[in-house]
Amino acid sequence: MLDEKQNTHYMNWIVIALLDFVTIISFENIFYPFQNQGLSVVISWIFLLFTYVIPYALIATQLGLTFQNQDGGLASWIRRGTHSDLFGYITSWMYWTQTIPYLVDVSNSVIVSLSWIILGNDSLGQRMSTFTFGMLTFAIILFFIIFENLFRDSLEVLSIIGGGAMFLISVLFVFMTVWALTHGAHPATHLSLHALKPSFSLHYFSTTGLLIFAMSGAELAAPYISKMRNPKREFPKAMWLLAIMTGFITIFGTLALSVFFDANHIPSDFKMNGPYRAFHLLGEQVGLGKSLMYLFAFVQLFFMLAQLAILIDAASRVFASDTATKYMPTWLTKKNKDGRPVHSYTLTAGISLLLLLLSGTLPNINAIYNWLLNLNGIVSPYKTALVFVAFLAIRWHEGEFNSDYVYISNRRGALAVGWWCFIFTFICATMGFIPQDAAVGTHAFNHQLLMNFLTVGFLIILGFLLPYLRKLEMKKEA
């Protein structure tokens, strides 16, 4: 027994914080909030850090240490906290549905990064039709589905290398920008109290869901709790470090962007091409030409390929969960010799293709890229809201649950914070339905609004249709 304990491989809390960080936010995640809210997004980041990100991380800490032997993650927390298998299935389904738009979005990013590596500029939109862009995106998704076995065996290595490189290059950008400022660079955006003051408009609130999308995911560290030597002491420290790193990248990364881009005159394709332009401008400022841009493009490509492997794997988990046999048709949960639900990959590819066909009705590649990104600002926060539902459930019935860590010992205070986080997340997700890249009343606005409702409505209907089909199947078997 002693030898077994000595040979156990424990993960350091710093490593766990880094692993969780690279699945939450990357360098490009600070670009679309900067385009949507300008320099005032710095105030939004600071506000969210203290009123949302830190409470979110510590709420995930209590949930993780309450259910530290549950491999199902959030779905297990919900199922045990609410004593409802159906709610557990709904949670799993929502986790899967929010993966699909992100899967397509990441595939789009792979094409964009390849275009910068090959062309060295932002001319992809002029060289490629929306149909070709969509088909290439689908081909990348199919490739990863077909060779999922190969990539799945390398998930940990891919995620550590790709994510670690992305984190390092993001930090490099911030520090090299500081160096450039001390060597004669002049900020493109005038830093003033007026520039930092948020404009509380409909557009401002409709874009906040993307900030939540950029900062959410603290609960993803839960599976690593069992690999820690002293979870009670180390896991809270990992979550604190996660919140600090997230705050550093979002706040100081945004300030660094303001050095190279005028927050009042941001290009329309900033979300798609902004990260590459940023490194191009930084390289020119420090005398390295395009070399930094190419370095980032390769890091971005590898990071996105690693993300694809993780997303394809994650997309199948809902079909292998312990509620799947109760709420999903048997043909959908059928597994191959390796124990994987093969038909889940077919459904993933099918819905990805539907999203691409729907996005193909937009006028250009930039519009497609922006719409898919904005769609994530709807579905992802709805999933995140369930984290706070799980927290409210265990604090409401706290006599039933024991945890090595308690966030806010006062029950009323804990419930108040839980309700604040849930209501704020739910409202931001709902406001995200409002198109962000088109003026109200225009054809483009109405078109994208309809696409948002059609996409989310389809995923909801499909989520309720599967349990109904399973019910009919069980009646037929009986």
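Since the model is a prediction, treat every value here as computed from it, not as a measurement. (Residues numbered from 1 in each chain as written. Predicted model: local features only at pLDDT ≥ 70, side-chain atom pairs only at ≥ 80, totals over all residues. Heavy atoms only, no water.)

*Asks:* For the environment of glutamine 126, give the residues involved together with the corresponding values.
*Replies:* In this fold, glutamine 126 is placed in helix α7 (residues 124-127). For glutamine 126, a relative accessible area of 67% puts it in the exposed group. Along the chain, glutamine 126 and valine 104 lie 22 residues apart, while their C-alpha atoms are 21 Å from each other. (Helix = DSSP H or I, 4+ residues; strand = E, 2+ residues; numbered from the N terminus. Buried < 20%, exposed > 50% of the residue type's maximum accessible area, 1.4 Å probe, protein only.)

*Asks:* Describe in detail the pattern of salt bridges, supporting the description with residues and values.
*Replies:* Enumeration over the complete set of coordinates arrives at 4 salt bridges. Residues arginine 277 and aspartate 269 are paired through a salt bridge, measuring 2.7 Å at the closest nitrogen-oxygen approach. Assessed through its relative accessible area of 17%, arginine 277 is described here as buried. The partner of glutamate 473 in a salt bridge is arginine 470, with the nearest N and O atoms 2.6 Å apart. Placement of the pair is glutamate 473 and arginine 470 together in helix α22 (residues 443-477), with a separation of 3 residues, close to one helical turn. In this structure, glutamate 473 and arginine 470 share a single accessibility class: buried. The structure contains a network of salt bridges with shared partners spanning Asp122, Asp269 and Arg277. (Salt bridge = Lys/Arg side-chain N within 4 Å of Asp/Glu carboxyl O.)

*Asks:* Kindly report on empty space enclosed by the protein, identifying the contributing residues and their values.
*Replies:* Tallied over the entire structure, the rule returns 6 cavities of 30 Å³ or more. Computed from the structure, the largest cavity encloses a volume of approximately 70 Å³. Residue lining of the largest cavity: Glu28, Asn29, Tyr32, Tyr102, Asp105, Ser109, Phe213, Lys271, Tyr369 and Leu373, and that is the complete set. Sorting the residues of the lining of the largest cavity by element identifies α6 (85-119) and α20 (365-396) as the ones contributing at least two each. By residue number, the principal contributor to the lining of the largest cavity is α6, which donates 3 residues. Class assignment of the residues belonging to the lining of the largest cavity gives a composition of 5 nonpolar, 2 polar and 3 charged. (1 Å grid on protein atoms, 1.4 Å probe; cavity = no way out; pocket = protein on both sides within 12 Å on 5 of 7 lines; lining within 4 Å. Points joined across faces, edges and corners; volume = space filled by probe spheres on them. Nonpolar A, V, L, I, M, F, W, Y, C, P; charged D, E, K, R; others polar.)

*Asks:* Before we move on, can you summarise the nonpolar core with the specific residues and values?
*Replies:* Grouped together as the largest cluster of nonpolar side chains are 152 residues, with contacts concentrated most on Phe34, Tyr52, Leu63, Phe173 and Phe279. Sorting elements by how many residues they give to this core places α20 first, with 19 residues. (Core = buried A, V, L, I, M, F, W, Y, C linked by side-chain atoms within 4.5 Å.)

*Asks:* How would you sum up unusual backbone geometry? Please name residues and give values.
*Replies:* For residues besides glycine, phi is generally negative; the peptide bonds are generally trans as well. The phi dihedral of histidine 83 is positive, around 55 degrees, even though this residue is not glycine. Residue position: histidine 83 is located in the loop between α5 (74-82) and α6. By relative accessible area, histidine 83 is classed as exposed at 56%. Even without glycine at this site, isoleucine 408 takes up a positive phi of about 65 degrees. Within the secondary structure, isoleucine 408 sits in the loop between α20 and α21 (411-431).

*Asks:* Describe the packing of aromatic side chains, and please don't skip the residues or the numbers.
*Replies:* Evaluated as defined, the whole model comprises 27 aromatic pairs. Each ring, one from tryptophan 93 and one from tryptophan 96, has its centre 4.7 Å from the other, and the planes form 45 degrees; the classification is tilted. Taken as a pair, tryptophan 93 and tryptophan 96 lie in helix α6 at a separation of 3 residues, close to a single helical turn. Tryptophan 93 gets classed as buried once you look at its relative accessible area, which sits at 5%. With a centroid separation of 5.4 Å and an interplanar angle of 65 degrees, the aromatic rings of tyrosine 382 and phenylalanine 426 are classed as edge-to-face. Residue tyrosine 382 is found in helix α20, and its partner phenylalanine 426 is found in helix α21; the two are separated by 44 residues along the sequence. Among the residues examined, tyrosine 382 registers a relative accessible area of 17% and is labelled buried. Judged by its relative accessible area of 40%, phenylalanine 426 falls in the partly exposed class. The residue whose ring lies beneath arginine 411 is tryptophan 396, and the NZ or CZ to ring-centre distance is 5.1 Å. (Phe/Tyr/Trp six-rings, centres within 6.5 Å; stacked < 30°, edge-to-face > 60°. Lys NZ or Arg CZ within 6 Å of the ring centre and 35° of its normal.)

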